[in-house]
Amino acid sequence: MNELKKANLYISKAKHTINSKYRLNYHLMPSVGWMNDPNGLIYFNGKYHLYYQFNPYDTHTGKMCWGHAVSDDLVSYTDCGVALMHEGEHERVFSGGAIEADGGITAYYTLHIEEGAEKTEEVFKARSLDGNEFTEHVKVFDNNDLPENISRTDFRDPCPVKIGDMYYVFVGGKDVTLNKGVIIVLGGETTDNLRYKFYLGPYYELGDMGECPSYFKVNGKDVLLASGCHVHDRGNDFKNTNSSVFIVGSLDFERGAMQVDFIKEIDKGDTFYAPQFIRGEDKPIMIGWFEMWDKPYPTKDAGHGWVGAFTVPRELTYSDGDVFQNPTESLNAYLYEPDADEVPKCSDIRFEFFGEGALTVEGANGKVVIGNDGGVYLDTIHSNNSFGSIRRTNGSYSRCGIRVLLDVSGIEVFVDGGREVISSRIYIDGDYRIRTCGGVGGLKIKGIGGKQ
């Protein structure tokens with residue numbers, strides 16, 4: 001029995017042993033074990049195939065592979081176990097992307113090998129006819145063809161796109177002479193034998209290593225999602241170990257250059273990383289990791305047997321010189337009217353700030369506060385976790401609409417029509433109740449449950 005089949009056999013037994021107390025209801029999670037970055041997000045043959053960094057055997061990283069789930073609508077998910085794995089003892093399948101090509105789904109991924117102090121990272125591809133299991137693993141790029149200043153060992157997270165007749169693959173990397181993050185672009189007329197084209201950056205916002213690039217055209221603008229390691233905080237930005245940004249402008253693939261209009265942090269909260277666009281979609285829909293590196297993970301510490309989730313899929317628009325993000329429209333089909341005075345654990349809460357004020361969600365052992373004191377903030381210090389924080393928008397809002405998505409152990413706050421977002425994980429027990437004070441009006445609460 002090969003490693004992939006062994007992993008899926010293990011999952012089929014172990015998933016019944018986890019503690020489901022803080023399991024989310026409309027966010028994707030692993031059935032068991034550890035989840036981090038979204039990988040290979042693609043709409044294919046009428047289904048969304050969502051892959052992710054996965055260690056089914058424990059609640060930390062290890063011999064990583066690609067977990068797999070499918071969905072009809074990006075709200076309800078079916079777990080499909082492991083789809084992509086390497087057999088070697090030292091080989092780990094790190095992040096990447098996917099595209100429809102070669103008669104099925106072609107996945108590009110990082111083959112990460114560690115033997116003692118030695119590390120290599122190379123771009124491989126594999127193919128699946130139905131999305132359930134990938135075979136035909138082939139190396140598609142020689143790292144020695146990179147420019148001298150670009151790291152040959154920190155070179156990961158290949159994510160493809162097809163522009164005209166060309167396949168382009170964006171890869172995260174490092175300028176070793178400057179110790180700064182860059183994005184490398186490979187290209188080819190076919191999905192294999194990729195050639196080096198150019199690189200973008202370095203950018204301050206990518207820290208000392210660029211990761212998880214993903215490209216989409218959004219209302220006429222070229223938008224790159226990119227993540228950076230160890231970005232130094234700057235004012236109200238980059239408060240986490242790693243950060244993720246929109247790079248917005250005009251990308252000329254022929255000249256190998258990008259005119260950058262602005263770079264903007266995607267989420268101001270303490271649990272968002274490694275976002276990726278869904279390939280095969282006409283609309284730019286983005287999903288991120290609903291966690292962060294170098295922080296406690298309560299479901300791990302409590303021995304619940306699982307860690308990690310995806311954010312709610314967010315549809316992007318570009319207007320008024322800015323990028324806006326809002327929950328996928330398909331979530332609306334799951335909204336229902338709760339009983340009077342009920343605040344469901346899974347809720348869509350909408351209200352308006354018309355000055356300074358606050359809305360508090362309280363439970364048996366904690367609370368979270370969404371407030372406005374000149375800027376909108378999310379306070380999770382008393383949300384029954386060991387890493388609570390107060391995180392703020394960059395903008396000041398004397399009047400703005402707020403949409404809050406609550407799930408059992410998560411909160412996502414969309415400010416001013418999605419101009420800014422603040423996300424976090426919360427662990428509050430018991431029934432919820434809501435208090436408001438100051439300039440808060442127009443409160444409406446809907447539950448998120450079975451599809452109507």
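The text that follows walks through the structure, step by step, so that each part is easy to find. (Residues numbered from 1 in each chain as written. Predicted model: local features only at pLDDT ≥ 70, side-chain atom pairs only at ≥ 80, totals over all residues. Heavy atoms only, no water.)

**Structural notes on the overall build of the chain**
This is how it is decided: To qualify as a helix, a DSSP run of H or I must reach at least 4 residues; to qualify as a strand, a run of E must reach at least 2; elements of each kind are numbered from the N terminus. Radius of gyration here is computed from C-alpha atoms only, and the compact-globule reference equals 2.2 Å multiplied by the residue count raised to the power 0.38. The cut-offs for exposure are 20% and 50% of the maximum accessible area for each residue type, with area from a 1.4 Å probe on protein chains only; residues under the lower value are buried, those over the upper are exposed, and the others partly exposed. Any two residues whose heavy atoms approach within 4.5 Å are treated as being in contact. Note on areas: Shrake-Rupley, 1.4 Å probe, and residue coverage restricted to the protein chains presented here.
When helices and strands are tallied, the chain shows 2 helices and 30 strands. For 452 residues, the compact-globule estimate of 2.2 N^0.38 gives 22 Å, and the chain sits close to it at 21 Å. In terms of its C-alpha atoms, the chain occupies a principal-axis envelope of roughly 60 × 50 × 40 Å. The proportion of buried residues among the 452 residues of the chain is 62%. Within the chain, counting contacts between residues at least 6 apart in sequence, those at least 24 apart form 59% of the total. Of the roughly 17000 Å² that the chain leaves accessible, carbon and sulfur atoms contribute 45%.

**Description of the nonpolar core**
Considering soluble globular proteins, one finds that nonpolar side chains tend to be buried as a cluster. Condition: Only buried residues count toward a nonpolar core. Its members are Ala, Val, Leu, Ile, Met, Phe, Trp, Tyr and Cys residues joined through side-chain atoms within 4.5 Å.
One finds Leu28, Leu50, Val82, Ile278 and Phe310 to be the most contacted residues of the largest nonpolar core, which totals 30 residues. Of all elements in the fold, only helix H1 (3-14), strand S1 (33-44), strand S2 (47-55), strand S3 (65-71) and strand S18 (285-289) reach the threshold of two or more residues within this core. The contacts of Val82, once residues within four sequence positions are left out, are Leu4, Ala7, Asn8, Ile11, Phe54, Cys65, Trp66, Gly67 and Asn132. The next biggest cluster of nonpolar side chains, apart from the first, holds 24 residues, and it includes Phe353, Val376, Leu378 and Tyr397.

**Details of the side chain of Gln276**
Counted only if it meets this: Think of a polar contact as two N or O atoms within 3.5 Å of one another; within protein, one of them needs to be a possible hydrogen donor and the other a possible acceptor, and neighboring residues in sequence only count if both atoms come from side chains.
Its location among the elements puts Gln276 in strand S17 (residues 273-277). The buried category is assigned to Gln276, whose relative accessible area is 6%. A distance of 3.1 Å separates a polar side-chain atom of Gln276 from the backbone nitrogen of Gly40. Within the local environment of Gln276, its side chain forms a polar contact with the backbone oxygen of Gly96, the two atoms lying 3.2 Å apart. Among all residues touching Gln276, those that are not within four sequence positions of it are Pro38, Asn39, Gly40, Leu41, Gly96, Gly97, Cys159, Ser214, Leu225, Ile285, Met286 and Ile287.

**Notes on the side chain of Arg314**
Here Arg314 lies in strand S20 (residues 314-319). Using a relative accessible area of 0% as the deciding quantity, one classes Arg314 as buried. Within the local environment of Arg314, its side chain forms a polar contact with the side chain of Glu412, the two groups lying 3.1 Å apart. Once residues lying within four places of it in the same chain are set aside, the contact partners of Arg314 are Asp267, Phe272, Pro284, Ile285, Met286, Gln325, Asn326, Thr328, Glu412, Phe414, Val421 and Ser423.

**A word on the environment of Phe277**
Looking at the element boundaries, Phe277 is found in strand S17. C-alpha separation for the pair Phe277 and Glu315, spaced 38 residues apart in sequence, amounts to 9.5 Å. Ignoring anything within four residues of it in the chain, the contact list for Phe277 reads Leu41, Ser214, Tyr215, Phe216, Val223, Leu225, Pro284, Ile285, Met286 and Leu316.

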